[in-house]
Amino acid sequence: MANEKITGSEALMRALQNEGVKTIFGYPGGSIMPVYDALYDYTRGEKKAFDHILVRHEQAATHAAEGYARVSGEVGVCIVTSGPGATNTLTGIADAMLDSTPIVVIAGQVPIGALGTDAFQEVDLVGVAQPISKWSYQIRRAADIAWAVDRAFYIARSGRPGPVVLDFPKNAQTELVEFVPQKADFVRSYVAYPELNMEAVNEAANLINNARKPLALVGQGVELGNAQDELKAFLEKADIPAARTMLGLSALPSSHPLNVGMLGMHGNYAPNIKEQECDVLIAIGMRFSDRVTGNVNTYAKQAKIIHLDIDKSEIDKCVKTDVAIVADCKESLPSLTRLIEKRDHSEWRESFKPLAEKEYNKVIMPALHPKSGPLLMGEVVDAVAQATHGENVTVTDVGQNQLFATRYSYYNKKRSIVTSGGLGTMGYGVPAAVGATFGAPDRTVVCFCGDGGFQMNIQELGTIMEQQSPVKIVVMNNNYLGNVRQWQDMFWHRRKSFTKMLNPCYELIAQGYGIPYAAVTNRNELKAAVEKMLATKGPYILECAILDDDDVLPMTPPGKSIDEMQLEI
């Protein structure tokens, strides 16, 4: 209707519709109440446009939005109130920033006239969020809603994705405005997709064509750029072995013959050793994290380094590159593939196998097939991987559970790993898994947790109960903060300072939330228990009693060169 006047809150609903939003995670409160009143009509009846998922904590809203975004490739959305509601989202915002996850956080705020008066639940969210977000903005007038929301989604999803924060004062929520949809495809001073430099592509192709021992490092940028097929075409033409970062694990199927494992401190032995032998290192959509490089002063000094990344700020930040291709890998990889020559590096690829066999015999075989004693995390993860045939979405919390889950899961489909990489956020797993069930409703979502991280957002069992979100939660309980305990054993003279945990009865907790539960203490029962969990409709909690000093290996000790990996302690 021409010249129709609606409230700012109604305008927000229409702006979100205009962006294709289907699912919102949130928690209401005083300063966001006008928005929730408008949301009432948009979640039911003829106007129904959104599913709103009521979480039990605002931090969980951001993690759920992250999980949704990671598996769907869409922007995750959460709505919260001002003050503590807003500050509770900061961990998730920082997590999304470090892991390049596109989310939009919309937070209520006191009216403009009350700003600066220390009004009830007032906090400078824009100021607090600015260093940990891609963009943060205060919508001071209803007239700015359409523009701000459209720009927020454009910035969140374009280029290198990330979190955007919209601070929404109450006066702007209630003012009347004529809503006119906006469509942004340009923001001054923001170059989302840098122009491909063909001179750099030619230089990189020349290095690759003359390489005898090339090695590709595959990061999450391949998934974010939807360039999985382009990656395979590139690797297969030049016959280049490829290792994956933790966040890039599903960018290349586990079964692909050129896949040589996971990089990093707790990655696979062969690729970490071979990083120090290759003559050309091709980093694709990854940021040379300290957990990948180890001591940067000794990292890959023998190699010519080619870095493909959409974000210019990552070039030479940690590792000096010889050739930088700053562009979307969806564009840069095919351009490079056209220029490289068909190669056969079978002798080089074969040299990985003795190292992989050494790791298998010393680490993997004992972890997956122990002869006696309590359950180990590796065999629990493997039991799930075998039962799902690598078709599931693997969600993890943070700690030993994360490292075992990422190492021993299989990845046969893209966007199959949801984990907190850069920030290492305990409490991430359960809410992120909830979000993943809405982002990929046709897939099985399995969440691996330790007893510590599980309790950090355990209240989200209430969200699971209400939504009947079909999350399969595997709690690997060793009664320790396991990763810290391992470091204390290895580097702090076994002084276990406050890592031993007295845990509650998870069976009673599951019963209270009406979620099916089982416990496994005997490995002879593990396979059947996993199969029952996966066959049960809806959510499920499987608690596994784990050896209390089960250690994650191999490991590169902090400060050491990446090829100084320990296969045993």
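First, a word on scope: everything that follows refers to the structure included in this document. (Residues numbered from 1 in each chain as written. Predicted model: local features only at pLDDT ≥ 70, side-chain atom pairs only at ≥ 80, totals over all residues. Heavy atoms only, no water.)

It is worth spelling out the overall build of the protein at this point. Scanning the protein from N- to C-terminus turns up 24 helices and 20 strands. Here the protein has a C-alpha radius of gyration of 24 Å; the compact-globule value for 569 residues is 25 Å, and the two agree. For the protein, the spread of C-alpha atoms along the principal axes amounts to about 70 × 60 × 40 Å. Residues classed as buried in the protein amount to 59% of the 569 residues present. For the protein, long-range pairs separated by at least 24 residues make up 77% of all intrachain contacts whose partners lie at least 6 apart in sequence. Taken as a whole, the protein presents about 22800 Å² of accessible surface, with 51% of it coming from carbon and sulfur. Distance between charge centres in the protein, computed from 55 positive and 66 negative side chains, equals 2 Å. (Helix = DSSP H or I, 4+ residues; strand = E, 2+ residues; numbered from the N terminus. Rg over C-alpha atoms; globule rule 2.2 N^0.38 Å. Buried < 20%, exposed > 50% of the residue type's maximum accessible area, 1.4 Å probe, protein only. Contact = heavy atoms within 4.5 Å. Areas by Shrake-Rupley, 256 points an atom, 1.4 Å probe, with all protein chains shown as cover. Lys, Arg positive; Asp, Glu negative; His and termini not counted. Charge placed at Lys NZ, Arg CZ, Asp CG, Glu CD.)

Attention now moves to the sheet that holds strand β14 (residues 323-326). Ordered in space as β11-β10-β9-β12-β13-β14, the six strands form an open sheet in which the pairing is parallel. Either end of the sheet is taken by a strand with one partner, and the two such strands are β11 (259-262) and β14. The average angle at which neighbouring strand axes cross in this sheet is 15 degrees, direction not considered. Where strand β13 (residues 304-309) lies against β14, four bridges are found, and the strand directions are parallel. Note on β14: the bridge partner recorded for His307 is Ala324. Lying on the sheet, helix α9 (residues 198-209) is in contact with β12 (280-284), β13 and β14; it crosses β14 at an angle near 130 degrees. Sheet contacts for helix α11 (residues 228-238): β9 (214-218), β10 (242-244) and β12; angle to β12, the most-contacted strand, approximately 170 degrees. (Pairing = 2+ DSSP bridges. Axes fitted to C-alpha atoms, helices over the stretch in contact; angles between N-to-C directions.)

So, on to the pairing of strand β18 (residues 471-477). The buried fraction of β18 amounts to seven of the seven residues, a majority that puts the element mostly inside the structure. Side chains Val471, Ile473, Val475 and Asn477 project from β18 onto one buried face, and the interleaved Lys472, Val474 and Met476 project onto a second face that is buried too. For strand β17 (residues 445-450) and β18, the ladder comprises six bridges, and the chain directions are parallel. Bridging from a neighbouring strand, Cys449 pairs with Val475 of β18. Two elements, β18 and strand β20 (residues 540-545), share six bridges in a ladder whose sense is parallel. When the sheet's bridge partners are listed, Ile473 is paired in β20 with Ile541.

Next up on the list: the packing of helix α3 (residues 58-72) against helix α5 (residues 90-98). For any two helices packed against each other, one specifies the crossing angle of their axes together with the interaxial distance. For the pair α3 and α5, interaxial distance at closest approach is 7 Å and the crossing angle is 25 degrees. Overall, the two elements α3 and α5 adopt an arrangement that is roughly parallel. Facing Gln59, Thr62, His63 and Glu66 of α3, the residues of α5 in contact are Thr91, Gly92, Asp95 and Ala96. In the contact of α3 with α5, the residues fall into one nonpolar, five polar and two charged. (Parallel < 35°, antiparallel > 145°, perpendicular 65-115°, else oblique. Nonpolar A, V, L, I, M, F, W, Y, C, P; charged D, E, K, R; others polar.)

Attention shifts here to the packing of aromatic side chains. Taken as a whole and judged by the stated rule, the model has twelve aromatic pairs. When the centroid spacing of 6.2 Å and the interplanar angle of 80 degrees are considered together, the rings of Trp135 and Trp147 count as edge-to-face. Of this pair, Trp135 sits in strand β6 (residues 135-138) while Trp147 is found in helix α7 (residues 145-157), placing the two residues twelve residues apart along the sequence. For Trp147, a relative accessible area of 33% puts it in the partly exposed group. Note on Phe454 and Tyr506: the rings are 5.4 Å apart at their centroids and 65 degrees apart in plane angle, and the pair reads as edge-to-face. Pair noted here: Phe454 is in helix α20 (residues 451-456) and Tyr506 is in helix α23 (residues 506-513), with a separation of 52 residues, a long-range link. Both residues of the pair, Phe454 and Tyr506, belong to the buried class. Here the aromatic cluster, defined as three or more aromatic residues joined through ring pairs, consists of Phe25, Tyr68 and Phe438. The ring centre of Trp135 lies 6.0 Å from the NZ or CZ of Arg151, which sits over that ring. (Phe/Tyr/Trp six-rings, centres within 6.5 Å; stacked < 30°, edge-to-face > 60°. Lys NZ or Arg CZ within 6 Å of the ring centre and 35° of its normal.)

Our next topic: the pattern of salt bridges. Taken as a whole and assessed by the stated rule, the structure comprises 25 salt bridges. In this structure, Glu314 and Arg160 form a salt bridge, with 2.8 Å as the shortest nitrogen-oxygen distance. Here the residue Glu314 occupies a position in the loop between β13 and β14, and Arg160 occupies one in the loop between α7 and β7 (163-169), the gap between them amounting to 154 residues. What makes Glu314 buried here is its relative accessible area of 5%. Residues Arg343 and Glu341 are paired through a salt bridge, measuring 2.9 Å at the closest nitrogen-oxygen approach. Residue Glu341 is classed as partly exposed on the basis of its relative accessible area of 38%. (Salt bridge = Lys/Arg side-chain N within 4 Å of Asp/Glu carboxyl O.)

With that settled, the discussion passes to the layout of surface pockets. Empty space among the atoms becomes apparent when a probe as large as a water molecule is rolled across them. By volume, the second largest pocket amounts to about 660 Å³. As for the second largest pocket, its lining consists of 29 residues, of which Ser254, Asn259, Val260, Gly261 and Asn268 are closest to the centre. Listing elements by their share of the lining of the second largest pocket, those giving two or more residues are β11, α12 (269-274), α15 (346-350), α16 (353-368) and α18 (400-408). If one sorts the elements of the lining of the second largest pocket by residue count, α16 sits on top with six residues. Of the residues in the lining of the second largest pocket, the class split is 15 nonpolar, seven polar and seven charged. (1 Å grid on protein atoms, 1.4 Å probe; cavity = no way out; pocket = protein on both sides within 12 Å on 5 of 7 lines; lining within 4 Å. Points joined across faces, edges and corners; volume = space filled by probe spheres on them.)

Along the chain, Lys317 falls in the loop between β13 and β14. Polar side-chain contacts of Lys317 include one of 3.0 Å to the side chain of Glu314. (Polar contact = N/O pair within 3.5 Å; in protein donor to acceptor, adjacent residues only side chain to side chain.)

The next thing to look at is the sheet that holds strand β5 (residues 103-109). Spatial ordering of the open sheet is given by β3-β2-β4-β5-β7-β6, a layout of six strands whose pairing is parallel. Sheet topology places β3 (51-54) and β6 at the edges, where each strand pairs with a single neighbour. Sheet twist, expressed as the mean angle between neighbouring strand axes with direction ignored, is 20 degrees. As defined by bridge partners, β5 adjoins β7 across seven bridges and the pair is classed as parallel. Bridged to Ile106 within β7 is Leu166.

Under the definition given, this model contains zero disulfides. The thiol of Cys278 is not disulfide-bonded; the next cysteine sulfur, from Cys318, is found 17 Å away. (Disulfide = S-S within 2.5 Å.)

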